[in-house]
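The lines below spell out each chain.
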Amino acid sequence: MPRPISKLARRFLPALLLACFFSHLLPGASALPTGTPTAAGADPSPTVPYASDDPNVELWNENLKTVPEAQRSKYGATVLGPQNVPLELQNPSLLAPPTTDHGDVPNAKWPFDLSHNRLQTGGWARQQNVNNLPIAKGLAGVDMRLEPGAIRELHWHNTAEWAYVLKGSTQVTTVTADGQNYVATVPKGSLWYFPSGQPHSLQATDDDPEGSEFLLVFDNGSFNEDSTFLLTDWLAHVPKEVIAKNFHVGQSAFDHIPSEQLYIFPGPIPADGQQPPESPQGSTPLPYTFDFANLEPTRYAGGTVKIADSRNFKVAKKIAVAEVTVEPGSMRELHWHPGDDEWTYFLEGSARITLFAAAGNARTFDYQAGDIAYVPASYGHYIENTGDSTLRLLEILKTDVFKDISLNQWLALTPPELVKAHLQLSDETIAHLSKTKPVVVAPQ
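Residues numbered from 1 in each chain as written. Predicted model: local features only at pLDDT ≥ 70, side-chain atom pairs only at ≥ 80, totals over all residues. Heavy atoms only, no water.

**Student:** Would you mind going over the overall build of the protein with me for this structure?
**Tutor:** Helix and strand content of the protein: eight helices and 28 strands. When each of the 444 residues of the protein is scored for burial, the buried share is 42%. Across the protein, contacts joining residues at least 24 apart in sequence account for 74% of those joining residues at least 6 apart. As displayed, the protein has an accessible area near 24,300 Å², and 58% of this comes from carbon and sulfur atoms. (Helix = DSSP H or I, 4+ residues; strand = E, 2+ residues; numbered from the N terminus. Buried < 20%, exposed > 50% of the residue type's maximum accessible area, 1.4 Å probe, protein only. Contact = heavy atoms within 4.5 Å. Areas by Shrake-Rupley, 256 points an atom, 1.4 Å probe, with all protein chains shown as cover.)

Okay, here's the thing in structure tokens:
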């Protein structure tokens with residue numbers, strides 16, 4: 001015998017029947033979940049809302065004579081408290097960030113101007129490491145200046161050392177564990193590299209009357225320039241009897257060795273074409289310097305790129321570099337480095353970078369000449385020229401071979417229907433994707 005319909009069911013039954021009836025009459029009605037296309041549906045509803053079209057250009061730059069405010073479109077408000085206007089003019093993406101920024105990404109900008117400088121007779125040095133840029137766990141840098149003849153004393157590190165000469169020229173020397181020696185002079189725009197533990201020295205020539213300045217990069221973010229192994233520091237802490245015994249000479253031969261480290265000190269101008277002492281083991285089979293300044297760059301629509309890594313600079317097994325130029329309005333394309341941290345140094349111009357750190361986390365930073373940007377491995381990013389002059393920078397990777405993955409190329413080489421399913425792109429847009437890396441993209 002059928003069960004009687006309850007009073008509650010009788011109360012709501014008419015409404016339920018009407019809802020079912022009208023659901024079949026209304027146009028476009030479907031029993032499928034939101035965002036699931038039907039066979040006949042032309043444009044499916046989005047699974048999530050479409051991305052915003054709000055403009056997110058930089059609102060000012062360091063050259064404008066204005067007082068920045070923490071406002072973008074309808075968001076934010078004016079600043080009522082004290083302001084450091086010059087700093088805010090240099091960092092519009094921090095005070096009034098793009099609306100696409102979200103979540104938390106550690107600070108990825110450090111200007112050498114904020115680093116403590118170690119002043120010596122004959123030069124100076126300032127560094128960046130995890131102490132002032134905690135995100136930079138894989139690489140650290142030093143900016144060093146030597147007057148003509150000044151010497152960065154004989155020393156070694158427990159990290160590899162890579163260098164780019166910013167101005168002037170520098171004479172370098174090294175001796176390998178096999179007793180092979182090498183001496184060379186490195187001009188502006190060129191490189192040297194010494195493996196971990198290999199002793200070497202650096203000395204400014206007088207090719208430029210002001211001497212030399214160079215950028216040093218080390219393959220460990222915890223590197224400390226003040227903790228290197230120095231010749232004078234070592235011998236100052238060994239009993240003189242032991243030193244004399246080691247060299248088989250009288251102890252008086254060492255009466256004038258320094259009582260503490262010299263680090264940077266004045267010296268005689270090195271001779272042009274200086275040759276090392278003849279070694280019974282011979283000279284090094286591979287050069288420890290590279291003529292990067294005269295390497296012909298590859299030209300792209302929006303700029304140029306030239307690369308030095310272990311394929312053409314054979315000894316550079318831990319650090320690779322791309323020197324990139326980006327014309328006004330152009331950008332280094334959206335990309336990432338699959339397994340290598342990036343330490344970028346800006347030589348000229350101004351730029352902005354948005355770091356995508358996964359899980360909805362993204363943050364934008366602005367950069368000027370002399371600034372350092374740090375991009376951890378696999379973080380998606382671009383580098384956009386935000387100025388009116390050519391942007392020039394060094395992309396330095398902790399690797400033996402420079403590699404990146406282009407977003408444009410990835411999508412172009414993926415089955416089109418799969419790309420459409422993700423991004424709802426038209427056939428025309430799909431056809432416009434590039435199967436070769438654009439690398440540096442020109443303005444539209």
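**Student:** What's the story with the environment of proline 297 in this structure? I'm lost.
**Tutor:** Tracing the sequence through the fold places proline 297 in the loop between β16 (289–290) and β17 (298–300). With relative accessibility at 24%, the residue proline 297 sits in the partly exposed group. For the pair formed by proline 297 and threonine 325, sequence separation is 28 residues and the distance between their alpha carbons is 9.7 Å.

**Student:** What is the right way to read unusual backbone geometry from this model?
**Tutor:** Trans peptide bonds make up most of the peptide bonds, and negative phi angles are found at most residues other than glycine. Unlike most non-glycine residues, alanine 359 shows phi in positive territory, near 55°. The topology assignment puts alanine 359 in the loop between β22 (350–356) and β23 (362–368). Positive phi values are uncommon outside glycine, yet valine 439 reaches one of about 65°. By the element assignment, valine 439 lies in the loop between α8 (427–432) and β28 (440–441).

**Student:** Help me out: how do you make sense of the pattern of salt bridges in this one?
**Tutor:** If charged atoms from side chains of opposite charge come close, those side chains can pair. In total, this model carries 19 salt bridges according to the counting rule given. Salt bridges sharing common partners tie together Arg332, Glu395, Asp404 and Lys437. (Salt bridge = Lys/Arg side-chain N within 4 Å of Asp/Glu carboxyl O.)

**Student:** Where do I start with the layout of surface pockets in this structure?
**Tutor:** Once rolled over the atoms, a probe with the size of a water molecule shows which space is left empty. The calculated volume of the largest pocket comes to roughly 1,400 Å³. The dominant element in the lining of the largest pocket, judged by the number of residues it contributes, is strand β20 (residues 331–336), at five residues. When the residues that make up the lining of the largest pocket are grouped by side-chain class, the tally is 16 nonpolar, 19 polar and five charged. (1 Å grid on protein atoms, 1.4 Å probe; cavity = no way out; pocket = protein on both sides within 12 Å on 5 of 7 lines; lining within 4 Å. Points joined across faces, edges and corners; volume = space filled by probe spheres on them. Nonpolar A, V, L, I, M, F, W, Y, C, P; charged D, E, K, R; others polar.)

**Student:** When you look at the sheet that holds β16 in this model, what are you seeing that I'm missing?
**Tutor:** Sheet strands pair via backbone hydrogen bonds, and the direction of the pair is either parallel or antiparallel. An order of β4-β5-β6-β13-β8-β11-β16 is seen for the seven strands of this open sheet, with the pairing classed as antiparallel. Each of the sheet's edge strands pairs with one partner strand only, and the pair in question is β4 (117–120) and β16. Summarising the sheet, strand β6 (residues 140–146) and strand β13 (residues 212–218) pair through seven bridges and their orientation is antiparallel. What sits directly across from glycine 141, in β13, is valine 217. (Pairing = 2+ DSSP bridges.)

**Student:** For this particular structure, what's the right way to read empty space enclosed by the protein?
**Tutor:** Under the criterion given, the structure shown has one cavity of 30 Å³ or more. By volume, the largest cavity is sized at about 30 Å³. Residue lining of the largest cavity: Glu58, Trp60, Asn61, Glu62, Leu89, Gln90, Pro92, Ser350, Ala351, Asp366, Gln368 and Thr386, and that is the complete set. Those elements that provide at least two residues to the lining of the largest cavity are α2 (85–90), β22 and β23. Tallied by class, residues from the lining of the largest cavity come to four nonpolar, five polar and three charged.

**Student:** Can you walk me through the sheet that holds strand β24 (residues 371–375) in this structure?
**Tutor:** In space, the seven strands of this open sheet follow the order β3-β24-β21-β26-β19-β18-β17, with antiparallel pairing throughout. Edge positions in the open sheet fall to β3 (109–111) and β17, since each of these has one partner strand only. With strand direction ignored, the average angle separating the axes of adjacent strands in the sheet is 20°. (Axes fitted to C-alpha atoms, helices over the stretch in contact; angles between N-to-C directions.)

**Student:** Even after reading the chapter, I still don't get the nonpolar core, so can you show me in this structure?
**Tutor:** Side chains that are nonpolar tend, in soluble globular proteins, to be buried together. Of all hydrophobic cores here, the largest spans 53 residues; its most connected members are Trp162, Trp192, Leu215 and Trp343. Residues in contact with tryptophan 162, not counting those within four places in the same chain, are Leu191, Trp192, Tyr193, Leu215, Leu216, Val217, Ile319, Val321, Leu394 and Ile396. Core analysis: the next-biggest nonpolar cluster, separate from the first, contains 23 residues, Ala320, Leu355, Val439 and Val440 among them. (Core = buried A, V, L, I, M, F, W, Y, C linked by side-chain atoms within 4.5 Å.)

**Student:** I'm lost on the side chain of aspartate 219 in this one. Help?
**Tutor:** As for its position among the elements, aspartate 219 is in the loop between β13 and β14 (229–230). A relative accessible area of 11% places aspartate 219 in the buried class. Within the structure, the side chain of aspartate 219 is placed 3.0 Å from the backbone nitrogen of alanine 160, a separation counted as a polar contact. Apart from the residues within four sequence positions on either side, aspartate 219 is in contact with Gly138, Leu139, Thr159, Ala160, Lys318, Ile319 and Lys398. (Polar contact = N/O pair within 3.5 Å; in protein donor to acceptor, adjacent residues only side chain to side chain.)

**Student:** Got a minute to help me understand the packing of aromatic side chains in this structure?
**Tutor:** Centre distance and the angle of the planes are the two values used to describe a pair of aromatic rings. Taken as a whole and assessed by the stated rule, the structure comprises 14 aromatic pairs. Centroid distance phenylalanine 218 to phenylalanine 223: 3.7 Å. Interplanar angle 10°. Geometry classified as stacked. Classification of phenylalanine 218 by relative accessible area gives buried; the value is 0%. Measuring from ring centre to ring centre gives 5.7 Å for tryptophan 336 and tryptophan 410, while their planes differ by 85°; the resulting arrangement is edge-to-face. Of the two residues, tryptophan 336 is situated in strand β20 and tryptophan 410 in helix α6 (residues 407–412); the sequence distance between them amounts to 74 residues. It is lysine 306 that lies over the ring of phenylalanine 292; its NZ or CZ is 4.8 Å from the centre. (Phe/Tyr/Trp six-rings, centres within 6.5 Å; stacked < 30°, edge-to-face > 60°. Lys NZ or Arg CZ within 6 Å of the ring centre and 35° of its normal.)

**Student:** So what exactly am I meant to see when it comes to the pairing of β4 here?
**Tutor:** Look at any regular strand and the pattern is simple: side chains alternate between the two faces of the sheet. In this structure, β4 lies alongside strand β5 (residues 123–128), joined through four bridges in antiparallel fashion. Residue pairing in the sheet places glutamine 120 in a bridge with glycine 123 of β5.

**Student:** Would you mind going over the confidence of the model for the protein with me for this structure?
**Tutor:** For residues with low pLDDT, the predicted coordinates do not support detailed interpretation. Scored by pLDDT, the protein comes out at a mean of 92, with 90% of its residues at no less than 70. When the criterion is pLDDT under 50, residues 12–42 qualifies, and its contacts beyond four places in sequence or with other chains add up to nine contacts. (pLDDT = per-residue confidence, 0-100.)

**Student:** When you look at the pairing of strand β11 (residues 191–194) in this model, what are you seeing that I'm missing?
**Tutor:** Burial along β11 is two-sided: Leu191 and Tyr193 facing one way and Trp192 and Phe194 facing the other are all buried. Pairing of strand β8 (residues 161–167) with β11, which is carried by four bridges, proceeds in the antiparallel orientation. Across the sheet, the residue bridging to alanine 163 is tryptophan 192, located in β11. Sheet topology note: the β11/β16 ladder contains two bridges and is antiparallel. Looking across to β16, one finds that tryptophan 192 is bridged to threonine 289.

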